[in-house]
Amino acid sequence: MKLTRREFLIIPLVLLLEKRLSAESNNFSDLNDNEKKEILFEIVKEMDEKYVFPVPMASDLEKKQALSVNKTLFEFGAGRPYNQRHKGIDVYGFGKDIVYFADGEVEEVGRNINNFDHGNIVVVNHGIIKGYNLWSYYLHIGGINGIKRGDSVKMGESFAKVDCTGISPDSRRLYNPGSKNCKRVAHLHFQIRVGDRHVNPNYFFPEYSESSLPNLKRWRLALKASSLEDDIAGFKGKQSRGSF
């Protein structure tokens, strides 16, 4: 069958659109709690342990504190001011190396435009797994080693250090880089995003979790993703280095 000129032009566009749509991420918010848990278990299984804890030198106690439930302010879902919930986990240990959670591509790197709150940020896109796009987020970090958007990265590769960038003792000033107080509060705020929700990292690191994963519900399971990407600007001066 001979195609008309119009069909000849339209069909490739349709095929391209179908290909693009098939590669788009599903919305995690469309699922109920049980479906979310099932998908998370499937994603973890599909990744087949091709991921690592982002602060490998953290002690078992530090990992358990970050991944606890109803015990600390470090954990996913912990209460925050203004009716907010903690959308990641906090891993303490000033100066410890931070490594990439899994293979991927740097999607964002820079400084929170408000200066306070998040400090230096790196966002890595790990691609679509089981129909859902997976990202990892790294906040408050320092010692960033010159990475840029579009860089391909490997699981376990060191790229920054645990620091106190963006952390403020009040609404007017940041902790001085490398100071005693900076070292006391320094931590990596680590988030995992699946589709349009931040999810509890416990599912990826059950060996350090003291909770029953099947029993996690609602805000202990997943929270609406923050649009951190809209609040990132390029580094000024030595901002990327922080205390290092």
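Residues numbered from 1 in each chain as written. Predicted model: local features only at pLDDT ≥ 70, side-chain atom pairs only at ≥ 80, totals over all residues. Heavy atoms only, no water.

1. Considerations on the state of the cysteines
Step number 1: Scanning the model with the defined rule gives one disulfide in all.
Step number 2: At a sulfur-sulfur separation of 2.2 Å, the disulfide partner of C164 is C182. Between C164 and C182, the S-S torsion sits near -100°, and that sign places the bridge as left-handed. With C164 in the loop between β10 (158–162) and α4 (180–185) and C182 in helix α4, the pair connects residues that are 18 residues apart, well separated along the chain.
Step number 3: The buried category is assigned to C182, whose relative accessible area is 0%. (Disulfide = S-S within 2.5 Å. Helix = DSSP H or I, 4+ residues; strand = E, 2+ residues; numbered from the N terminus. Buried < 20%, exposed > 50% of the residue type's maximum accessible area, 1.4 Å probe, protein only.)

2. With respect to the sheet that holds strand β8 (residues 141–142)
Step number 1: With antiparallel pairing, the three strands of this open sheet are ordered in space as β4-β10-β8. Unpaired on one side and paired on the other, β4 (97–99) and β8 mark the two borders of the sheet.
Step number 2: By the bridge criterion, two bridges tie β8 to β10 in an arrangement that is antiparallel. Bridge pairing in β10 places I141 opposite V162. (Pairing = 2+ DSSP bridges.)

3. A few points about the nonpolar core
Step number 1: Ranked by internal contacts, the top residues of the largest apolar core, which has 55 residues, are F101, Y138 and F204.
Step number 2: Considering every element that reaches this core, the biggest residue donor is helix α2 (residues 33–47), with five residues.
Step number 3: Apart from residues no more than four positions distant in its own chain, F204 is found in contact with I43, V44, M47, Y51, F101, L134, I192 and V199.
Step number 4: The next biggest cluster of nonpolar side chains, apart from the first, holds seven residues, and it includes I121, Y137, L139 and L228. (Core = buried A, V, L, I, M, F, W, Y, C linked by side-chain atoms within 4.5 Å. Contact = heavy atoms within 4.5 Å.)

4. Describing unusual backbone geometry
Step number 1: Non-glycine residue E49 carries a positive phi angle of around 65°.
Step number 2: For E49, a relative accessible area of 66% puts it in the exposed group.
Step number 3: Phi is positive for H140, close to 70°, though the residue is something other than glycine.
Step number 4: Locating H140 in the fold gives a position in the loop between β7 (132–139) and β8.
Step number 5: Overall, the relative accessible area of 8% leaves H140 in the buried class.

5. Structural notes on the environment of H118
Step number 1: Take H118: it is sitting in the loop between β5 (104–112) and β6 (120–129).
Step number 2: Note on H118: relative accessible area 24%, which makes it partly exposed.
Step number 3: Each C-alpha atom of the pair H118 and I141 lies 8.9 Å from the other, and the pair is 23 residues apart in sequence.
Step number 4: Apart from residues lying up to four places away in sequence, H118 is in contact with N112, L139, H140, T165, G166 and L228.

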